[in-house]
Amino acid sequence: MGLTLLEAAKAERDPQRGAIIRILNEGELLPIMNIRDVDGAGLFYDQEGELPGVGFRGINEGLDHTYGVLNPQAEALKIIGADIDVDKFLLDTQGDAARANQIEMKIRSLRLTIEDRFINGDESLNPRESDGLRKRITTGSSQSINANGALSLAALDELCDAVDAQGGRKYLIMSKAMRRRLTQAHRNPSIGNFLESNRDEFGRLITMYNDIPIVVTDVNAQNQLIQPFNEESGADRTSIYCVSFGDTLTTMLQGKINGQPGISSRMLGEVDDAPVDRSRVEWYVAFGVLNGRSCARLRNITNAPVVA
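Everything in this summary refers to the structure shown in the same document.

1. Things to note about the environment of Asn-230
- With respect to the helices and strands, the residue Asn-230 is situated in the loop between β9 (212-217) and β10 (237-244).
- In this structure the C-alpha to C-alpha distance between Asn-230 and Asn-303, which are 73 residues apart in sequence, comes to 9.8 Å.
- Those residues within four positions of Asn-230 in sequence are excluded, and the remaining contacts are Ala-235 and Arg-237.

Put into structure tokens, the structure is as follows:
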């Protein structure tokens, strides 16, 4: 059974791994993603395509023999990480704090990169990464809804209804700019009073729409917006995603390093060709949509006031 980083933080006893998980928990998206451990170099699974038929029968009649359709899928683990070199002078004069500061920045960069790739990953452009939601839910998909203009609450309801949680919890994933549009509409007496507020396990304030938490994305490690209003070529458009996380729904996958699942941070010592001390951070990860109805996309939203 997969865990979220919020759940993993409670159970972690190793101080170094605990510090890494704390940094990974700083954002809004990665902490609530289900993370499923896998053995080997990836996950092979069957995605439900069509349910088998059933029917009524009369006395002395037989039942029809029908079979469900399963579509074989595969998700290969990808390697994300970095080498951290710290000059020996800094270590000699500042101690382990110099190394810790560099590792912390690398982990923060890693978190921002994973959150970006979960939305924008494109394996056809970079085979070293997994496809993100934007690539998986394209025009013509049954899970793609075309807003074709300003966000409407009716279209947002349609997006939420398109996702089958199957015991999991739905989340709405959008940019800060898109959430501001919703907040502005909430204050409008002719439209408003549709948002609620609550607090998560760490006391952070959560905005909710129809009892569905709103998770916002910000920038990636290059300080570029993850969900800007320019995802359509030549147009001022963005998307909102509704996702239900779980081992058999939409999930992040992680492999094992030396038998231990999760991120690895290890010190390699001084290198031969430079006066630096090297550490290495690595994580074997991928994304999987094991149930096609566990995520949906409301696309083609313009940067305009929300309507009913």
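2. Re the packing of aromatic side chains
- In total, this model carries 4 aromatic pairs according to the counting rule given.
- Ring plane angle 40° and centroid distance 6.0 Å describe the contact between Phe-118 and Phe-245, whose orientation is recorded as tilted. Here Phe-118 is found in helix α4 (residues 96-120), whereas its partner Phe-245 is found in the loop between β10 and β11 (250-254), with 127 residues between them in sequence.
- With relative accessibility at 9%, the residue Phe-245 sits in the buried group.
- Ring geometry for Phe-118 against Phe-287: centres 5.3 Å apart, planes inclined by 70°, an arrangement best described as edge-to-face. Of this pair, Phe-118 sits in helix α4 while Phe-287 sits in strand β15 (residues 276-289), and the two are 169 residues apart along the sequence.
- Note on Phe-118: relative accessible area 2%, which makes it buried.
- Looking at Phe-287, the relative accessible area reads 7%, which means it is buried.
- Joined through ring pairs, the aromatic side chains of Phe-118, Tyr-171, Phe-245 and Phe-287 make up one cluster.

3. Things to note about the pattern of salt bridges
- In total, this model carries 17 salt bridges according to the counting rule given.
- Note that Glu-26 is salt-bridged to Arg-108, the shortest N-O span being 2.9 Å. Residue Glu-26 is located in the loop between α2 (15-24) and β1 (35-37), and its partner Arg-108 is located in helix α4; the two are separated by 82 residues in the primary sequence.
- For Glu-26, a relative accessible area of 34% corresponds to the partly exposed category.
- Notably, a salt bridge pairs Glu-231 with Arg-297, separated by 3.0 Å at the nearest N-O pair. Placement of Glu-231 in the loop between β9 and β10 and of Arg-297 in strand β16 (residues 295-302) is noted, with a sequence separation of 66 residues between them. Taken as a pair, Glu-231 and Arg-297 share a single burial class, namely buried.
- What emerges from the salt-bridge pattern is a single network uniting Glu-26, Glu-104 and Arg-108.

4. Quick word on the sheet that holds β9
- As summarised here, the arrangement of the 7 strands in space is β5-β16-β10-β6-β9-β8-β7, forming an open sheet in which the pairing is mixed. Looking at which strands have only one partner, the edges of the open sheet turn out to be β5 (144-149) and β7 (195-199). Each strand of the sheet is rotated relative to its neighbour by a mean of 30°, with strand direction disregarded.
- Note: strand β8 (residues 205-209) against β9, 2 bridges, orientation antiparallel. In the sheet register, Tyr-209 faces β9, and the bridge partner there is Ile-212.
- Seen against the sheet, helix α7 (residues 176-187) touches β6 (170-175), β7, β9, β10 and β16 and runs at an angle of roughly 105° to β6.

Calculation criteria
- Residues numbered from 1 in each chain as written.
- Predicted model: local features only at pLDDT ≥ 70, side-chain atom pairs only at ≥ 80, totals over all residues.
- Heavy atoms only, no water.
- Helix = DSSP H or I, 4+ residues; strand = E, 2+ residues; numbered from the N terminus.
- Contact = heavy atoms within 4.5 Å.
- Phe/Tyr/Trp six-rings, centres within 6.5 Å; stacked < 30°, edge-to-face > 60°.
- Buried < 20%, exposed > 50% of the residue type's maximum accessible area, 1.4 Å probe, protein only.
- Salt bridge = Lys/Arg side-chain N within 4 Å of Asp/Glu carboxyl O.
- Pairing = 2+ DSSP bridges.
- Axes fitted to C-alpha atoms, helices over the stretch in contact; angles between N-to-C directions.

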